[in-house]
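Spelled out from the first residue to the last, the chains are:
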Amino acid sequence: MNAIDPTLLEELRAILGSEAIVSRATELKVYECDGWTVEKSSPDVLLMPSTTAQLSAVMAALSRRNVAFVPRGAGTGLSGGCLPLNAPAMICTSKMNRILGIDYDNRRVEVESGVVNLHVTNAVKARGYFYAPDPSSQVACTIGGNIAENSGGPHTLKNGVTTNHVLALELVLPDGEIVELGGPTEERCGYDLVGAVVGAEGTTGIVARATLRLTREPENHRTLLASFPDVDTATRAVSMIIASGILPGALEMMDQLIIRAVEDAFHVGLPADAGAVLIIELDGLEAGLSASADAVAQMTQSCGATSVKLASDEAERALLWKARKRAFGAVGRLAPNYATQDGVVPRTCLPQILRVITAVSRRYDLRIGNVFHAGDGNLHPVILYDEREPGQVQRAIDAGRDILKACIEMGGSLTGEHGIGVEKIGEMPLLFSPDDLRVMTELRHVFDPMNRSNPGKVIPEAGACVEVSTPRRQVPI
Ligand SMILES: Cc1cc2nc3c(=O)[nH]c(=O)nc-3n(C[C@H](O)[C@H](O)[C@H](O)COP(=O)(O)OP(=O)(O)OC[C@H]3O[C@@H](n4cnc5c(N)ncnc54)[C@H](O)[C@@H]3O)c2cc1C
């Protein structure tokens, strides 16, 4: 793979104009990592196309010189997905941020991939619609990043994650060819190539446009805050609610460390002495909602909830969601660094995995908080560390690895929504056999035969190990 030489830079300037190219080392420092700050490495050049035509021309120019690239949306990823590894060029979609058309009759919207997630909902909410996948980073993250990570969010328990809401894609292949995948109708035949691109973490090319499904706002909500003495009782309540047949729109948990951090930061009125809280949101037709809310309240009490509070109006509901969605921000007050893990277990294993997390926290002498999508069994242990202290970075990495191994042993998965990136590439062989990984590589090569699109991510390659400033794990396959 080649570097960027002055003639290529000239060619890129001719396509994009100088204002859409950053090549000064000091300015490129901004792009040296995403939310996974353990590993850092700057690109040699940042390219910001405004249209599909520019994007395609840029990728064709890079292809002619055999230069690898890394796609980037807003850089809010939590697994190092847009870390430039052996990829001198970073292609950022932030200027491709137009909502191209809204079709309420068919409940769909067409957007460029750099559109911020929340802007889609903002554009349609006056007509009573929303875009369902709502990551807690939705004020910043882009639809392209969501598609690449198959993102979820608090309200995906009932509505499904990104892959359930993407109808069609315009994908620019690594050689610059523009292809259309999927279509505007709900039912399709043939191989699900949209499904193959969603969650591929930018290893199949760059998504330029997407047709997304719109969801009708439910008639009403009931949002409850249930407080528990500990995470054990709270997780038992989660299993009981789901087993009862009531499917909340969202079912989120925060443990004591996180509750305290959120309270100290935002003073939203969470019970600071609780061992854990659940935010449970029921939605749907008004008829029957109160009865379901009563039933859920009773279930939480029978599991040991010390108090259950129903949000009395939209303002109280918004406050609860503010607390939940800003939890990661609040954690920034607790330690100089933190790594947000992302594993999945069957819901009934939640008490067990939380005990494992407590044991891991003691073993590595690191504080770990938990704020997560309990209804999905999707955990987010937040491992606090201080990179200035010798050995702490490695301990944080090892602690995360131990937690993920336990998730897999319980029949779970390596990621619910944050992706594999560089962070978990070493753990892929724990979940997939060499044959599985070979098939994934072959599928990837249909789109990207030369491994130029986000190299070194998701699928471990034989013998691949990239030197960066922090310790990296060897990836055997
Ligand atoms: C505070 C906080 C809360 C979060 N909460 C959630 C949550 O609740 N649920 C959740 O799922 N995630 C969450 N995340 C993680 C993150 O926001 C998501 O993974 C998001 O989808 C990343 O979008 P982005 O635009 O920032 O992508 P980036 O971080 O820029 O990129 C992510 C990956 O997508 C690739 N990529 C980006 N754009 C494209 C494109 N157009 N075509 C092809 N590949 C592309 C990149 O190469 C990279 O591999 C959270 C992050 C933070 C910081």
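Residues numbered from 1 in each chain as written. Predicted model: local features only at pLDDT ≥ 70, side-chain atom pairs only at ≥ 80, totals over all residues. Heavy atoms only, no water.

Participant: I'd love a proper account of the overall build of the protein, names of residues and values included.
Facilitator: Of the regular secondary structure elements, the protein holds 16 helices and 20 strands. Relative to a compact globule of 477 residues, whose C-alpha radius of gyration would be 23 Å, the protein shows 22 Å and is just as compact. Dimensions of the protein, computed from the C-alpha atoms along their principal axes, are close to 70 × 60 × 40 Å. Within the protein, the proportion of its 477 residues that are buried is 57%. In the protein, of all internal contacts separated by at least 6 residues, the share reaching a separation of at least 24 is 71%. Carbon and sulfur atoms provide 52% of the accessible area of the protein, an area that totals close to 19,000 Å². Charge centroids of the protein, computed over 44 positive and 57 negative side chains, lie 2 Å from each other. (Helix = DSSP H or I, 4+ residues; strand = E, 2+ residues; numbered from the N terminus. Rg over C-alpha atoms; globule rule 2.2 N^0.38 Å. Buried < 20%, exposed > 50% of the residue type's maximum accessible area, 1.4 Å probe, protein only. Contact = heavy atoms within 4.5 Å. Areas by Shrake-Rupley, 256 points an atom, 1.4 Å probe, with all protein chains shown as cover. Lys, Arg positive; Asp, Glu negative; His and termini not counted. Charge placed at Lys NZ, Arg CZ, Asp CG, Glu CD.)

Participant: Outline the pairing of strand E13 (residues 250-255), supporting the account with residue identities and numerical values.
Facilitator: Among the six residues that make up E13, six are buried, leaving the element largely enclosed by the rest of the structure. Both faces of E13 are covered, namely the face carrying Ala 250, Glu 252 and Met 254 and the face carrying Leu 251, Met 253 and Asp 255. Bridging between E13 and strand E14 (residues 276-284) involves six bridges; their strand directions are antiparallel. Within E14, the residue paired with Leu 251 across the bridge is Ile 280. With two bridges connecting them, E13 and strand E18 (residues 368-372) associate as antiparallel partners. (Pairing = 2+ DSSP bridges.)

Participant: Residues and numbers for helix H14 (residues 392-409), please.
Facilitator: The first and last C-alpha atoms of H14 sit 26 Å apart over 18 residues, in line with the 26 Å expected at 1.5 Å per residue. Considered for burial, the residues of H14 that qualify are Gln 392, Val 393, Ala 396, Ile 397, Ala 399, Gly 400, Asp 402, Ile 403, Leu 404, Ala 406, Cys 407 and Ile 408. Looking at the buried positions of H14, the neighbouring elements they touch are strand E17 (343-344), helix H13 (350-364), E18, strand E19 (378-379), strand E20 (381-385) and helix H15 (428-431). Where H14 terminates, the next one or two residues include Gly 411, which has phi positive at roughly 90°. (Expected span 1.5 Å × (residues − 1).)

Participant: Could you give me a rundown of the site of the ligand, with the residues and numbers involved?
Facilitator: Around the ligand sit 35 residues in total, of which Pro 71, Gly 73, Thr 76, Ser 137 and Thr 142 are the nearest. Measuring from an oxygen atom of the ligand, one finds a backbone N or O atom of Pro 71 at 2.6 Å. Here an oxygen atom of the ligand and a backbone polar atom of Ala 74 are 2.9 Å apart. Here the ligand has 980 Å² of accessible area as a free molecule, and 94% of this is covered by the chains. Only strand E3 (69-72), helix H5 (143-149) and strand E10 (206-213) provide two or more residues apiece to the shell around the ligand. Top element by residues in the shell around the ligand is H5. It accounts for five residues. Residue classes in the shell around the ligand are distributed as 10 nonpolar, 21 polar and four charged. (Near = heavy atom within 4 Å. Polar contact = N/O pair within 3.5 Å; in protein donor to acceptor, adjacent residues only side chain to side chain. Nonpolar A, V, L, I, M, F, W, Y, C, P; charged D, E, K, R; others polar.)

Participant: Pulling in residues and values, what's your account of the nonpolar core?
Facilitator: Ranked by internal contacts, the top residues of the largest apolar core, which has 51 residues, are Leu 251, Leu 278, Ile 280, Val 296, Val 345, Leu 350 and Ile 353. When residues of this core are assigned to their parent elements, the largest contribution, seven residues, is made by H14. Ignoring any residue separated from it by four or fewer positions in sequence, one finds Leu 251 in contact with Leu 157, Val 238, Ile 241, Ile 242, Leu 278, Ile 279, Ile 280, Phe 372, His 373, Ala 374 and Gly 375. Of all hydrophobic cores here, the second largest spans 32 residues; its members include Leu 12, Leu 16, Val 45 and Leu 62. (Core = buried A, V, L, I, M, F, W, Y, C linked by side-chain atoms within 4.5 Å.)

Participant: Could you give an account of the environment of Ala 323, naming the residues involved and the relevant values?
Facilitator: Following the sequence through the fold, Ala 323 ends up in helix H11 (residues 314-325). Along the chain, Ala 323 and Ile 279 lie 44 residues apart, while their C-alpha atoms are 10.0 Å from each other. Those residues in contact with Ala 323 that sit more than four places away from it in its chain are Met 254, Val 262, Val 268 and Leu 270.

Participant: Lay out the sheet that holds strand E6 (residues 108-112) with the relevant residues and their values.
Facilitator: An order of E5-E6-E10-E8-E9 is seen for the five strands of this open sheet, with the pairing classed as antiparallel. Strands with a single pairing partner mark the edges of an open sheet, and in this sheet they are strand E5 (99-103) and strand E9 (178-182). Sheet twist, expressed as the average angle between the axes of neighbouring strands with direction ignored, equals 10°. The pairing of strand E8 (residues 166-172) with E10 spans six bridges and is classified as antiparallel. (Axes fitted to C-alpha atoms, helices over the stretch in contact; angles between N-to-C directions.)

Participant: Quick rundown of the packing of helix H8 (residues 231-243) against helix H10 (residues 289-302)? Include the residues and the values.
Facilitator: Two elements in contact, H8 and H10, have axes whose closest approach is 9 Å; the angle formed by their N-to-C orientations is 140°. Crossing hand, H8 versus H10: right-handed. Here Ala 237, Met 240 and Ile 241 of H8 come into contact with H10, specifically with Val 296, Met 299, Thr 300 and Ser 302. Residues that form the contact of H8 with H10 fall into these classes: five nonpolar, two polar and no charged. (Left-handed = near helix turned anticlockwise from the far one by under 90°.)

Participant: Help me get a handle on the packing of aromatic side chains, residues and values and all.
Facilitator: On inspection of all chains with the given rule, the structure shows one aromatic pair. Centroid distance Tyr 104 to Tyr 129: 5.4 Å. Interplanar angle 40°. Geometry classified as tilted. With Tyr 104 in the loop between E5 and E6 and Tyr 129 in strand E7 (residues 129-130), this pair connects stretches of sequence that are 25 residues apart. Tyr 104 sits in the buried class, given a relative accessible area of 16%. The buried category is assigned to Tyr 129, whose relative accessible area is 9%. (Phe/Tyr/Trp six-rings, centres within 6.5 Å; stacked < 30°, edge-to-face > 60°.)

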